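Tertiary structure, described
Residue strings, one per chain:
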Amino acid sequence: MPQSTETALHRQAVVYIMLDSSLCITEMSEEAPLWADDPRSVQVGNDIRLGFPELVGAEADLQAVLEGNRPSLIISGISRIPHDAAPFFVTVTVTLYRGASRSMDTLVLMVEDVSKWMDEIQRRTQMSNDAIALANAMTASKVFIENIFDAIADMLIVTSANGIINAVNRATLTLTEYTSTELIDQPITLILPGEQLREGFTISWQSAPTEFRCVSKSGESIPVSFTRAPLDTEGHVLRGVVYLGRDLREQKQAAARISKLETENLSLHEVLRTNQDTTDIVWSSPVMNTLMENLSKVAATDTTVLITGETGTGKELVARAIHNLSSRSKTMLVTVNCAALPEGLVESELFGHEKGSFTGALQKRTGRFELADGGTIFLDEIGELPMATQAKLLRVLQGEEFERVGGTHPVRINTRVIAATNRDLAAQVREGRFREDLLFRLNVFPLHVPPLRERPEEIPLLVEHFLRLFSRRTNKHVTSVDPKAMRKLMQYSWPGNVRELANVIERAMIVCDGQTLTESKLALVDVSRQTEAAGTSFDEMARQHLLRTLEECGGVIEGPRGAAAILGLKPATLRSRLRKLGIERVGGGFRYTS
Amino acid sequence: MILAKICVLGEVSVGKTSLIRRFVDRSFSDAYLTTVGVKISRKLVRLEPDPSGIAADTDLQLVIWDLEGGHNSIDLSSTYLKGARGAIVVGDLTRSSTLDQLQEHIDRFRYVNPQGRVVIALNKSDLQTGAAGAIVDRWNDVAGVAKTICTSAKTGKGVDELFTALGMSILQDTGNAAEH
């Protein structure tokens with residue numbers, strides 16, 4: 001390198017490095033390594049990029065300078081942070097130094113310390129960037145707090161002391177369906193119409209959780225439990241209020257579900273208890289054939305059915321058969337015995353109640369009608385329903401909706417109603433104890449279950465059915481009934497109908513030791529005859545008693561097993577009484593003749 | 001050993017220098033000092049074999065250019081960006097405005113280096129409270145972005161993965177170029 005060039009470079013107070021075409025160092029100032037990123041790498045013969053990494057990637061530009069296609073390459077403002085000296089900035093400039101021939105052309109890399117200018121730039125930049133960083137930090141802090149606000153699943157509302165909304169979180173916007181622009185600067189009563197704004201709260205004030213109705217933009221009234229607390233005070237003057245609210249819908253729905261499940265559970269237990277092994281109807285008589293035909297026809301519809309019949313005839317079995325044959329068979333059949341419900345609680349049982357609607361209503365209760373939504377409700381002994389409840393039932397039958405006790409909103413249901421009674425509802429209507437309009441509504445499709453005495457031909461079939469049924473229950477193997485016993489069963493009047501027959505058979509099976517049920521094991525009590533006797537004159541009662549005793553004695557009057565001995569009378573006295581009461585011997589027995 | 005210049009770009013105070021310090025020096029400082037001009041660091045990365053076999057036991061010398069934040073010196077930075085094989089474009093997860101600028105930085109880099117590889121660092125994930133999954137998915141779908149990674153220079157989360165991802169991408173590019 002010519003001496004003049006070297007002098008010129010030194011005069012400019014920079015260090016220089018000469019490079020060949022492969023970017024290797026050919027010559028350099030003594031101080032040059034001190035300006036490098038890695039001083040140890042800056043040696044003659046080494047690749048310049050080892051000490052000056054800023055030239056990595058600049059190969060194409062360096063080649064352009066070398067070929068004269070570009071005057072220079074300048075990379076300015078590169079910071080150097082030595083381990084043992086203060087940081088400084090350099091600017092690297094690469095230019096072409098032309099040799100005597102093209103092959104002697106070399107690149108000259110000049111490194112200049114520009115710390116003086118860069119420090120000033122850095123100072124000014126730092127000042128402005130500190131301001132930016134502070135603003136950023138504040139923004140980040142605000143974002144951070146907003147993120148926390150929005151992460152809270154409950155509603156969070158901040159208002160001024162006079163109830164103007166200052167801030168809301170995302171949960172509030174989601175629940176109320178408002179945007180934040182629509183809520184900010186609006187009174188809290190926009191979404192909490194029930195809030196009573198009060199002034200002068202002190203720092204000690206904090207409300208217990210209170211249930212509010214929060215009104216959404218679409219008008220939906222949502223139950224929300226709010227806790228309110230003073231935001232901050234200055235001299236015991238409220239500056240604002242923080243509302244922390246929890247949506248109660250899920251909680252209420254869960255409570256309703258639990259209540260429904262509890263009632264359903266009770267109902268299912270009841271079904272299990274009352275219908276275990278007795279879900280089949282056994283019949284063979286023409287009158288029952290007609291009933292079953294009508295039953296299958298009405299089952300396919302949603303028509304209200306009124307089942308009438310004496311006690312023990314199997315009205316509930318008929319109701320269950322209607323439900324099982326209907327399209328609602330996969331849903332619940334809810335059975336309610338109206339006579340078994342305490343008078344004060346009938347309405348609550350049937351229609352449910354809201355929490356706090358009366359003393360003891362500690363929580364909301366789902367009524368039987370709501371429980372049977374989508375299914376069937378069987379109202380047994382409907383004739384026992386109080387008049388006030390009859391009116392509400394009429395509304396359900398007419399409009400398929402009702403209100404819970406203490407409730408303000410109608411509850412719509414889709415429930416099929418089957419009612420049953422052993423009373424003469426028409427007579428009750430005449431006596432003013434049953435609503436006529438309700439009777440008309442219930443009596444859309446009447447089904448009458450005949451008493452057992454009107455279909456005695458079914459008794460052997462029923463006896464056989466009960467023998468099979470109770471064999472399992474009593475663990476006895478009674479397979480037949482003695483003909484005399486069967487005759488006695490056929491002759492009995494069965495005031496308690498099929499239920500009484502079932503009880504008689506069960507009791508007989510318990511005391512029976514063999515495989516055949518005998519007459520002696522049957523314990524028949526003809527309550528109806530006793531009841532009839534109680535309602536008649538003394539002569540009629542005496543007449544029936546004498547006839548029964550004579551029948552039991554096989555028509556024998558005298559002797560130790562004769563009727564006179566049993567009645568404690570002399571045979572002559574008995575005969576005299578028989579004549580007086582119009583009882584005469586006819587064939588082998590006695591009969592009342594006039 | 002392969003030598004590759006990469007640039008780290010992004011808005012002011014997103015944590016570019018901190019990411020580089022965490023990667024190169026394994027350190028972090030809360031003190032904020034604006035980067036003026038450019039600071040160049042070097043780090044030798046040994047890339048483990050990957051399923052494609054491209055990066056099998058390759059030493060990659062990354063020459064990392066830490067550029068001044070923002071767009072103040074756009075003309076000057078064109079010189080800085082020239083010759084870079086890849087860029088890490090950094091956004092601050094706690095400041096959405098810095099994320100909005102990511103595309104502009106990518107475009108600036110691509111204008112100078114059309115073939116350059118880009119990975120995105122969503123930094124300060126330790127301060128972010130919400131889920132960043134949607135943001136990651138959004139940037140992963142952007143054309144030319146090799147990968148988007150949530151990072152924290154403070155905790156070191158995702159930092160090595162970030163630089164390695166860019167290194168792998170550069171090597172794949174090198175491999176593809178060699179094949180063609």
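Structural notes, computed from the coordinates. Remember, predicted model here, so these are calculated numbers, not experimental data.

Considering the overall build of chain B
Helix and strand counts for chain B come out as six helices and six strands. Along chain B, from the amino end to the carboxyl end, the secondary structure elements read β-α-β-β-α-β-α-α-β-α-β-α. The buried share of chain B, reckoned over its 180 residues, is 52%. Across chain B, the fraction of contacts at a sequence separation of at least 24, relative to all contacts at a separation of at least 6, is 72%. Of the roughly 7600 Å² of accessible surface on chain B, a fraction of 50% belongs to carbon and sulfur atoms.

Thoughts on the pairing of strand E3 (residues 72-80) of chain A
Where burial is concerned, most of E3(A) is hidden: seven out of the nine residues are buried. Looking at chain direction, E3(A) and strand E4 (residues 88-97) of chain A are connected through seven bridges and run antiparallel. Among the inter-strand pairings, Leu73(A) is bridged to a residue of E4(A), identified as Val94(A). In terms of strand pairing, E3(A) meets strand E2 (residues 38-47) of chain B through two bridges, oriented parallel. Each bridged residue has a counterpart across the sheet, and for Ser79(A) the counterpart in E2(B) is Lys39(B).

Quick look at the packing of helix H8 (residues 286-299) of chain A against helix H9 (residues 315-325) of chain A
Residues and elements named next belong to chain A. Here H8 crosses H9 at 40 degrees, and the two axes come no closer than 8 Å. In terms of axis orientation, H8 runs oblique to H9. Here H8 and H9 pass one another in a crossing that is right-handed. On H9, the residues touching Leu291, Leu295, Ser296 and Ala299 of H8 are Val318, Ala321, Ile322 and Leu325. Of the residues that constitute the contact of H8 with H9, the class distribution is seven nonpolar, one polar and no charged.

Thoughts on the nonpolar core
Judged by nonpolar contacts, the single largest core of 52 residues is most densely connected at Ile17(A), Ile48(A), Phe52(A), Leu55(A), Leu109(A) and Trp65(B). In terms of residue count, the dominant contributor to this core is E4(A) (four residues). Beyond its immediate sequence surroundings of up to four residues, Leu55(A) is in contact with Ile48(A), Arg49(A), Leu62(A), Leu73(A), Ile75(A), Val94(A) and Leu109(A).

What counts and how
- Counting restarts for each chain: residues are numbered from 1 in the order of the written sequence.
- The order in which chains are written sets their letters, starting at A; the order in which ligands are written sets their numbers, starting at 1.
- With the structure being a predicted model, the display of local features is reserved for residues of pLDDT at least 70 and the display and counting of side-chain atom pairs for 80 or more, all residues being used for whole-chain, interface and lining totals.
- Neither water nor hydrogens contribute to the side-chain values; these are computed over all heavy atoms in the structure.
- Where helices and strands are cited, they refer to DSSP runs of H or I of at least four residues and of E of at least two residues respectively, numbered from the N terminus.
- To sort residues, take the accessible area from a 1.4 Å probe on protein chains only and compare it with the maximum for the residue type: under 20% means buried, over 50% means exposed, and anything in between is partly exposed.
- The contact criterion used throughout is that any non-hydrogen atoms of two residues lie within 4.5 Å.
- For the accessible areas, the method is Shrake-Rupley and the probe is 1.4 Å, while residue cover comes only from the protein chains on display.
- Here, any two strands with at least 2 DSSP bridges between them count as paired.
- Whenever a helix is involved, its axis is fitted only over the stretch in contact; in every case the axis is a line through C-alpha atoms, and angles between N-to-C directions fall within 0 to 180 degrees.
- Relative orientations are named as follows: roughly parallel for angles under 35 degrees, roughly antiparallel for angles over 145 degrees, roughly perpendicular for angles from 65 to 115 degrees, and oblique for any other angle.
- By definition, any crossing whose near helix is turned counterclockwise from its far helix by less than a right angle is left-handed, and any crossing with a clockwise turn is right-handed.
- Basically, the charged four are Asp, Glu, Lys and Arg, the nonpolar ten are Ala, Val, Leu, Ile, Met, Phe, Trp, Tyr, Cys and Pro, and anything else, Gly included, counts as polar.
- In this description, a nonpolar core means a group of buried Ala, Val, Leu, Ile, Met, Phe, Trp, Tyr and Cys residues linked to one another through side-chain atoms lying within 4.5 Å.

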